[in-house]
Amino acid sequence: MTSIDRTADPGFARMVSARELADSFTPAADEVAWARATTKTDQHLLALVVWLKCYRRLRYFPSLDEVPDAVVVHIRGLLELPESVVAEVDATRTAKRHREFVRARLGVKYDSAEVREIAESAIRAAAQSKDNPASLINVALEELVVQGKELPGYTALDKMVARVRAEVNGKVYADVAARMTGAQRAWLLHLLWVDPSTPRSEFDKLKAPAKAATIGKLKERLAHLAKLDAVGPTESWLTGVPPGKISHFAGEAKVTDAADMAKVGEDKRLTLLAGFIHVLRTSARDEVTEMFCKRMGVIHKKGRFRLEALREEHRIESERLLEVFGDVLAAAREAAEQDPDAPEPAVGPDAEDAVDETETAEPDPAGEETAELQAEEEAEAQAELARRTGALVLKALAGGGGVDRLSAAHEAVAAHHGNNYLPLCEQYYKSHRPTLFTLVDAIELEATSAERAVLDALEFVRAVRDAGRIAERIDETVLVERDGEEVVLTLDIDAFAGPLWKRTLRDRRRPGMLARRHLEVCVFSHLASELRSGDIAVVGSDSYANLHTQQMTWEECEPHIGTSASRRACQPTLRR
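What counts and what doesn't
Residues numbered from 1 in each chain as written. Predicted model: local features only at pLDDT ≥ 70, side-chain atom pairs only at ≥ 80, totals over all residues. Heavy atoms only, no water. Helix = DSSP H or I, 4+ residues; strand = E, 2+ residues; numbered from the N terminus. Buried < 20%, exposed > 50% of the residue type's maximum accessible area, 1.4 Å probe, protein only. Contact = heavy atoms within 4.5 Å. Salt bridge = Lys/Arg side-chain N within 4 Å of Asp/Glu carboxyl O. Expected span 1.5 Å × (residues − 1). Polar contact = N/O pair within 3.5 Å; in protein donor to acceptor, adjacent residues only side chain to side chain. Patch = residues over 30% accessible without salt bridge, like charges linked within 9 Å, V, L, I, M, F, W, Y side chains within 5 Å. Areas by Shrake-Rupley, 256 points an atom, 1.4 Å probe, with all protein chains shown as cover. Lys, Arg positive; Asp, Glu negative; His and termini not counted. Charge placed at Lys NZ, Arg CZ, Asp CG, Glu CD. pLDDT = per-residue confidence, 0-100. Arc of directions from axis to C-beta. 1 Å grid on protein atoms, 1.4 Å probe; cavity = no way out; pocket = protein on both sides within 12 Å on 5 of 7 lines; lining within 4 Å. Points joined across faces, edges and corners; volume = space filled by probe spheres on them. Nonpolar A, V, L, I, M, F, W, Y, C, P; charged D, E, K, R; others polar. Axes fitted to C-alpha atoms, helices over the stretch in contact; angles between N-to-C directions. Parallel < 35°, antiparallel > 145°, perpendicular 65-115°, else oblique. Left-handed = near helix turned anticlockwise from the far one by under 90°. Core = buried A, V, L, I, M, F, W, Y, C linked by side-chain atoms within 4.5 Å. Phe/Tyr/Trp six-rings, centres within 6.5 Å; stacked < 30°, edge-to-face > 60°.

### Things to note about the overall build of the protein chain
- When helices and strands are tallied, the protein chain shows 25 helices and 8 strands.
- Taken across its 576 residues, the protein chain has 39% of its residues classed as buried.
- Expressed as a percentage of contacts within the protein chain between residues at least 6 apart in sequence, the contacts between residues at least 24 apart total 76%.

### Notes on unusual backbone geometry
- We note that Glu80 has phi near 55 degrees; this positive angle belongs to a residue other than glycine.
- Structurally, Glu80 can be placed in the loop between helix H4 (69-78) and helix H5 (92-106).
- By relative accessible area, Glu80 is classed as exposed at 70%.

### Some words on the pattern of salt bridges
- By the definition in use, this model includes 37 salt bridges.
- Residues Glu202 and Lys227 are paired through a salt bridge, measuring 2.7 Å at the closest nitrogen-oxygen approach. Residue Glu202 is located in helix H10 (residues 202-205), and its partner Lys227 is located in helix H11 (residues 215-229); the two are separated by 25 residues in the primary sequence.
- Looking at Glu202, the relative accessible area reads 25%, which means it is partly exposed.

### Quick word on helix H7 (residues 133-146)
- For H7, with 14 residues, the first-to-last C-alpha span of 20 Å sits near the 20 Å given by 1.5 Å per residue.
- Most of H7 sits inside the fold, with 11 of its 14 residues counted as buried.
- Sitting at the amino-terminal end of H7 is Asn132, which places a side-chain oxygen 3.0 Å from the backbone nitrogen of Ala134.
- The positive-phi residue at the C-terminal boundary of H7 is Gly148, with phi of around 70 degrees.

### Structural notes on a negative patch on the surface
- Residues Glu368, Glu369, Glu372, Glu376, Glu377, Glu378 and Glu380 make up a contiguous surface patch of negative charge.
- With respect to the helices and strands, the residue Glu372 is situated in helix H17 (residues 365-399).

### Notes on the confidence of the model for the protein chain
- Summing up the model confidence of the protein chain, the mean pLDDT is 83 and the portion of residues at 70 or higher is 88%.
- By mean pLDDT, the top-scoring element of the protein chain is strand S8 (residues 536-538) (94), and the lowest-scoring one is helix H16 (residues 349-360) (50).
- Below pLDDT 50 for its whole length, residues 338-347 participates in 2 contacts with residues either more than four positions away or in separate chains.
- Here residues 570-576 is modelled with pLDDT under 50, and outside its nearest four sequence neighbours on either side it reaches 21 contacts, counting other chains as well.

### Brief notes about helix H2 (residues 29-38)
- Glu31, Val32, Trp34 and Ala35 are the residues of H2 that are buried. All buried residues of H2 project into a common sector of 160 degrees when viewed along the axis, lining one side. In this structure, H2 carries Ala29 and Ala37 as exposed residues pointing more than 90 degrees from its buried face.
- Contacts from the buried residues of H2 go to helix H3 (42-58) and H5.

### A word on empty space enclosed by the protein
- Taken as a whole, this structure holds 1 cavity of 30 Å³ or more when the rule is applied.
- Within this model, the largest cavity holds a volume of roughly 30 Å³.
- Among the residues making up the lining of the largest cavity, the classes are represented as 5 nonpolar, no polar and 1 charged.

### What to know about the packing of helix H20 (residues 433-442) against helix H23 (residues 516-533)
- Running from N to C, H20 and H23 cross one another at 50 degrees; their axes reach a closest spacing of 12 Å. The angle between the axes of H20 and H23 places the two elements in the oblique class. Of the two elements, H20 crosses H23, and the hand of that crossing is left-handed. In this structure, H20 uses Arg433, Leu436, Phe437 and Val440 to contact H23, whose residues at the interface are Arg516, Arg517, Glu520, Phe524 and Leu527.
- In terms of residue class, the contact of H20 with H23 is made up of 5 nonpolar, no polar and 4 charged.

### Looking at the side chain of Asn546
- Mapped onto the elements, Asn546 comes out in the loop between S8 and helix H24 (554-557).
- Among the residues examined, Asn546 registers a relative accessible area of 10% and is labelled buried.
- Setting aside chain neighbours within four positions, we find Asn546 in contact with Glu446, Ala447, Thr448 and Ala537.

### Some words on the nonpolar core
- Core analysis: the biggest nonpolar cluster contains 82 residues, and Phe292, Phe496, Leu519, Phe524 and Leu527 have the highest contact counts within it.
- Among the elements that make up this core, the one with the highest residue count is helix H15 (residues 266-336) (16 residues).
- When sequence neighbours within four positions are dropped, the list of residues in contact with Phe496 reads Ala453, Val454, Ala457, Leu491, Cys522, Val523 and His526.
- Of all hydrophobic cores here, the second largest spans 52 residues; its members include Val49, Val50, Leu136 and Val168.

### Overview of the packing of aromatic side chains
- Going through the model one piece at a time under the given rule, you end up with 7 aromatic pairs.
- Pairing Tyr429 with Phe524 gives two aromatic rings, centres 6.2 Å apart and planes at 35 degrees, and the pair type is tilted. In this pair, Tyr429 sits in helix H19 (residues 426-429) while Phe524 sits in helix H23, placing the two residues 95 residues apart along the sequence.
- Owing to a relative accessible area of 0%, Phe524 belongs among the buried residues under this scheme.
- One aromatic cluster is present, formed by Phe292, Tyr429, Phe437 and Phe524 through successive ring pairs.

What follows is the structure in structure tokens.
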């Protein structure tokens, strides 16, 4: 029997509060007057009032023995009856007559056949999409309350649910089993075979949960998904079966071992296995997608940590490069200092007079020759200065370790200037590459909006993953063969990549070319981000499903508006 605590049966609470006693079990003055006029003894008076208030609260007549003592004591005190008076009737006929009195006062016409018909109709309709007995009992109770009918006994409802549920599920079992071929039936039943050497069945092994999101466990889970998909088209077998019933079938199969599964009918056994495999396929897609997102997060985390480590490693090198730069500047200043043996240039009034005389004097051939000699001397002085500066600079660079070593140190430090760790992610992506491509080949992705830039980029990298292995850079437009035809694929990085990714992927010296390995990391990173945000969905998944397809249209909602409102109005009468 289904536990009554799991249903909405409006029974008595284990502890009746003072507020509930005042609200639900306090008789009005006219009710007390009616009860006194109807009965002749204090005992019958108390029993009649207790049944009146209980029926108003429960919508059915409980046994007087089931009524909590707190309720009886409360009503007896309000009726000012002695404590020796108990709520009981001395004959079955008296109890039946009291129930008729209550129905007549409340205007209720009891028809057991009609009540059973309403309850069974509601249960049968709900059993098409629900499978939990407690839920089916709740549906029957709710429908009877909405229609203002007296509720039948809980045992009668429980038996009715068991019978109707068996009939509805029997038809579902037969329909599902009929959609399977002989080979598919044999494969499913083979899952229950127990290997004497282990002693475990494949059915038990399928129940193993997913483990930590390591790359090795991701490979194992992808193999698990491939194995489940090879069982058969479970979605075709379960066509027309609501998701709620499929989940219940899977839950029943999960808690049943292979030996107990062999004891049920073959159609039911096949249906339970089909529902179990279908739920496993769905959860496996959720698991591998979640693992993928976590692995991409780990790759980026390692890239950030590596950037910080490189900065720490290059901090000493950066300080040394600054010291060498200081030596170079000091050498340049030393070389630029004037030779102390050179004549001082004329300054003051004499210099100004010399300039004036030069400007007003007539051209002198001898003076022109002197000017040319001075120009040559200045050129020689500049050449000497350059030679001396170069020698001192080279000396400073040699003291710092030499040009080659300093150039390598500069490239290493400048390579990670700024906060762009993205180029460092590729070294951690290498070990993931085969597994990530296996993943995107195993699942079907769909865009949940009109934006398809990331999916188009994923199609691009999948198309060139083998053709571009030997090339470090690939063109943004490639020609691939698909179904025997040549197709041109063009990748638009600007449609989804940010400035840091663009800087990582492109090279000014090679316009139109992209760094292939960095491109794959970029596309997989954006795929993980859009899976988390819901912009890309996994077909056949649950946690990463397209939520737009699960929403009801207005046309589907409209017929239920009035019914839902009326049910909410009656809801407070049921104890949850």
